[in-house]
Amino acid sequence: MNAVLIAGTTSDAGKSVVTAGICRWLARGGARVAPFKAQNMSNNSVVTPDGGEIGRAQAVQAAACGVEPSVRFNPVLLKPGSDRSSQVVVLGRVAGEVTAMSYRARKAALLDTVVSTLEGLRAEYDYVVCEGAGSPAEINLRANDIANMGLAQAAGLPVLVVGDIDRGGVFAQLFGTLALLDAADQALVAGFLINKFRGDPALLEPGLDQLRALTGRPVHGVLPWAEELWLDAEDSLSYVADGVIGRPAPPKGAQWLRVAVPRLPRISNATDVEALAAEPGVAVRFVTEPSRLADADLVVLPGSKSTVADLDWLRRSGLAEAIRAHARAGLPVAGICGGFQMLTRRIVDEVESGSGAVDGLGLLDLEIEFAPRKTLARPCGQAFGEPVHGYEIHHGVAVRRGELAPLVSLPDGQVEGGVTESVLGTHWHGLFENDTFRRAFLSWAARRAGRDGFEPADGTVFAEVRAGQLDLLGDLVEKHLDTDALRRLLDDGAPTGLPLLHQELR
């Protein structure tokens, strides 16, 4: 067998973190493990060493497994550009635009792709831990499903359903999810997991017993709420506007550095700023209106899947003028990918939005044109005198550069991004994960903001922070899940003879 599907009662129920935790637990036991998500819908993505694009959650799960990310771990990625259309990426490469209706016609061929990809992984690895998408009980989508029960049926996968008790109504979520499935799908649902429980587990026991009596399926574990878990949220909506990201330690010096990040409607790679949030004395907040910039020291404009539309939102919300005023006052502003493009003089976009020439915020003396072919790369270079690496996912290309110093110098003599006394921008994601650059950047930002009492800490190694989060997930799985039962599911598949829940209209 050697594979299991972790489904969820809802989006953000905890599928990604549970999958990562199981991967970490298995890998620490010496198994060769791979993650898999047949279809992901996310604008949080990374570039893999094999040159393609996958959802960031699968890259984090690969790290949990101790392997490099691969396009095989997420063969279909949907990147929403609006409420009605998405860019579809197949095995790491752009394969057109789809609407919700037109995508249905493509799913039969894509099911063949995801099943054959999964078969290859199962032959290569000891175990494959698969993550579902949304809910398996989206019965309006079941006929064409390739990510949940459609995949489970095609690949013969046992299924565990995760419910988030913090949302309330978890027993109804779990029972209702099972009850809405047809008989063949129910036969593959082997049990349940409960996520984010706060309090005494003994209080849950009567409910767990009744759920088993009603469904014939056990709850294989109750994962507690863990305040320490915060890195690499799959869904940008998991971030609360105006709430501090992470658990920042007190500052090394006498002052905090306050960072405001506009939460764009089509924000992409929101996780870029998490490396800043991992630093002692750095308070990072997502914001949605201009008053929140009044006491910010640093503004970071994040990436966007719809640069022109999100730039228009900045203007309508008043944030654009607040950012310009922040920069005019000599206070630091940084832009990443789409946010970098917004900071330039002009954007010419006939590719993503079809809007043609649009004025940018005019804070960097550059012009951007969108090329039909997407840039996917994992470059390296030097910035602020420090070695850096990152990854690029963008259509925009800097075509006209004024008297602007580059931010990054590449080994071949090319340059990337730009920097003035108080504004910088780059197409590179992951730049803040470079520890020495991040400290140099924070020192630059603190000087520009007049925060002389802020001192970057010397000891933060972001890779170790992430590894610690993954180890915590592995510890939670080992301590709170029935790992013997989980291994039996991986080895033997779903038990035979599981009860069928009948539904009757009266």
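You'll find the structure just up there.
Residues numbered from 1 in each chain as written. Predicted model: local features only at pLDDT ≥ 70, side-chain atom pairs only at ≥ 80, totals over all residues. Heavy atoms only, no water.

Quick word on the overall build of the protein
Next, step 1: Assigned secondary structure in the protein consists of 14 helices and 28 strands.
Next, step 2: Since a compact globule built from 506 residues should have a radius of gyration of about 23 Å, the 23 Å found for the protein is in line with a globular shape.
Next, step 3: In terms of overall dimensions, the protein has C-alpha extents of about 70 × 50 × 45 Å along its principal axes.
Next, step 4: In the protein, which comprises 506 residues, the share counted as buried stands at 58%. (Helix = DSSP H or I, 4+ residues; strand = E, 2+ residues; numbered from the N terminus. Rg over C-alpha atoms; globule rule 2.2 N^0.38 Å. Buried < 20%, exposed > 50% of the residue type's maximum accessible area, 1.4 Å probe, protein only.)

Details of the side chain of Glu131
Next, step 1: Tracing the sequence through the fold places Glu131 in strand 9 (residues 127–131).
Next, step 2: What Glu131 contacts, discounting residues up to four positions off in sequence, is Leu5, Ile6, Lys15, Ser16, Thr19, Phe36, Lys37, Ala38, Gln58, Gln61 and Ala147. (Contact = heavy atoms within 4.5 Å.)

Notes on the sheet that holds strand 7 (residues 85–90)
Next, step 1: Across the sheet, four strands lie side by side as 3-6-7-8; this open sheet has mixed pairing. Taken across any chain shown, the strands that pair with only one partner, and hence form the sheet edges, are strand 3 (39–41) and strand 8 (93–99). Between one strand and the next, the sheet's axes are offset by a mean angle of 25°, whatever the strand orientation.
Next, step 2: Here strand 7 runs beside strand 8; their pairing, made up of five bridges, is antiparallel. Note that in strand 8 the partner of Val89 across the bridge is Val94.
Next, step 3: Each of strand 3, strand 6 (76–80), strand 7 and strand 8 is contacted by helix 3 (residues 100–124), which is oriented at about 140° to strand 8, the strand it contacts most. (Pairing = 2+ DSSP bridges. Axes fitted to C-alpha atoms, helices over the stretch in contact; angles between N-to-C directions.)

Things to note about the sheet that holds strand 9
Next, step 1: Read from one edge of the open sheet, six strands run 2-9-1-10-11-12, paired in parallel fashion. Every interior strand has two partners, whereas the edge strands, strand 2 (33–36) and strand 12 (219–224), have only one. Within this sheet the neighbouring strands show an average axis-to-axis angle of 20°, counted without direction.
Next, step 2: Bridge count between strand 1 (residues 3–8) and strand 9: four bridges; the pairing is parallel. When the bridges of strand 9 are listed, Ile6 appears paired with Glu131.
Next, step 3: Sitting on the sheet, helix 1 (residues 15–28) touches strand 1, strand 2, strand 9, strand 10 (159–164), strand 11 (189–197) and strand 12, and the angle it makes with strand 9 is about 170°.

Let's talk about the nonpolar core
Next, step 1: Core analysis: the largest hydrophobic core is formed by 68 residues, its most contacted members being Val284, Val300, Leu314, Ile323 and Phe441.
Next, step 2: The greatest single-element share of this core, amounting to six residues, is contributed by helix 12 (residues 435–449).
Next, step 3: Each residue touching Leu314, except ones within four places of it in the same chain, is listed here: Pro262, Leu264, Leu301, Leu319, Ala320, Ile323 and Met342.
Next, step 4: The next biggest cluster of nonpolar side chains, apart from the first, holds 47 residues, and it includes Ala3, Phe73, Ile146 and Leu501. (Core = buried A, V, L, I, M, F, W, Y, C linked by side-chain atoms within 4.5 Å.)

Considerations on the packing of helix 1 against helix 2 (residues 56–65)
Next, step 1: The N-to-C vectors of helix 1 and helix 2 enclose an angle of 20°; their axes lie 7 Å apart at closest approach. With respect to their mutual orientation, helix 1 and helix 2 come out roughly parallel. The element helix 1 and its partner helix 2 pack so that their crossing is right-handed. Every residue of helix 2 that contacts helix 1 at Ser16, Thr19, Ala20, Cys23, Arg24 and Ala27 is listed here: Ala57, Gln61, Ala63, Ala64 and Cys65. (Parallel < 35°, antiparallel > 145°, perpendicular 65-115°, else oblique. Left-handed = near helix turned anticlockwise from the far one by under 90°.)

A few points about the pattern of salt bridges
Next, step 1: Inspection of every chain in the model, using the stated rule, returns 32 salt bridges.
Next, step 2: With a closest N to O distance of 2.8 Å, Asp312 and Arg316 form a salt bridge. With a gap of four residues between them, Asp312 and Arg316 both fall in helix 9 (residues 307–317), about one helical turn apart.
Next, step 3: Overall, Asp312 belongs to the partly exposed group, its relative accessible area being 39%.
Next, step 4: Classification of Arg316 as exposed rests on a relative accessible area of 60%. (Salt bridge = Lys/Arg side-chain N within 4 Å of Asp/Glu carboxyl O.)

Notes on the pairing of strand 19 (residues 344–349)
Next, step 1: Pairing analysis gives four bridges linking strand 19 to strand 21 (residues 364–377), with the strands arranged parallel. Bridge pairing in strand 21 links Arg346 to Glu367.
Next, step 2: One ladder, built from four bridges, connects strand 19 with strand 20 (residues 356–359); its direction is antiparallel. The residue of strand 20 that forms the bridge with Ile347 is Val358.
Next, step 3: Linking two consecutive strands that pair antiparallel, namely strand 19 and strand 20, is a turn of six residues; a positive phi of about 70° is found at Gly354 within it.

Structural notes on the environment of Arg400
Next, step 1: Of note, Arg400 is situated in strand 24 (residues 392–401).
Next, step 2: Spatially, the C-alpha atoms of Arg400 and Arg316 are 27 Å apart, while their sequence positions differ by 84 residues.
Next, step 3: A polar side-chain atom of Arg400 sits 2.8 Å from a polar atom in the side chain of Glu367.
Next, step 4: There is a polar contact of 3.1 Å between the side chain of Arg400 and the side chain of Glu369. (Polar contact = N/O pair within 3.5 Å; in protein donor to acceptor, adjacent residues only side chain to side chain.)

Structural notes on the environment of Leu498
Next, step 1: Positionally, Leu498 belongs in the segment after helix 14 (483–492).
Next, step 2: On a C-alpha basis, the gap between Leu498 and Val47 in space is 41 Å, while along the polypeptide they are 451 residues apart.
Next, step 3: Not counting chain neighbours up to four residues away, the residues in contact with Leu498 comprise Ala187, Val189, Ala190, Gly216 and Arg217.

Digging into the packing of helix 1 against helix 14
Next, step 1: Look at helix 1 against helix 14: their axes get within 13 Å of each other, and the N-to-C directions meet at 90°. As judged from the angle between their axes, helix 1 and helix 14 are roughly perpendicular. Facing Ile22, Trp25 and Leu26 of helix 1, the residues of helix 14 in contact are Thr483, Leu486, Arg487 and Leu490.

Points about helix 5 (residues 170–179)
Next, step 1: Of all the positions in helix 5, only Val170, Gln173, Leu174, Thr177, Leu178 and Ala179 are classed as buried.
Next, step 2: Each element contacted by the buried residues of helix 5 is listed here: strand 10, helix 6 (183–186), strand 11 and helix 7 (205–215).

Some words on the environment of Met1
Next, step 1: Examined against the element boundaries, Met1 turns out to sit in the segment before strand 1.
Next, step 2: It is 41 Å that separates the C-alpha atoms of Met1 and Thr460, two residues lying 459 residues apart in sequence.
Next, step 3: Beyond its immediate chain neighbours, meaning those up to four positions away, Met1 contacts Arg122, Gly156, Pro158, Leu489, Leu490, Asp491, Asp492 and Gly493.

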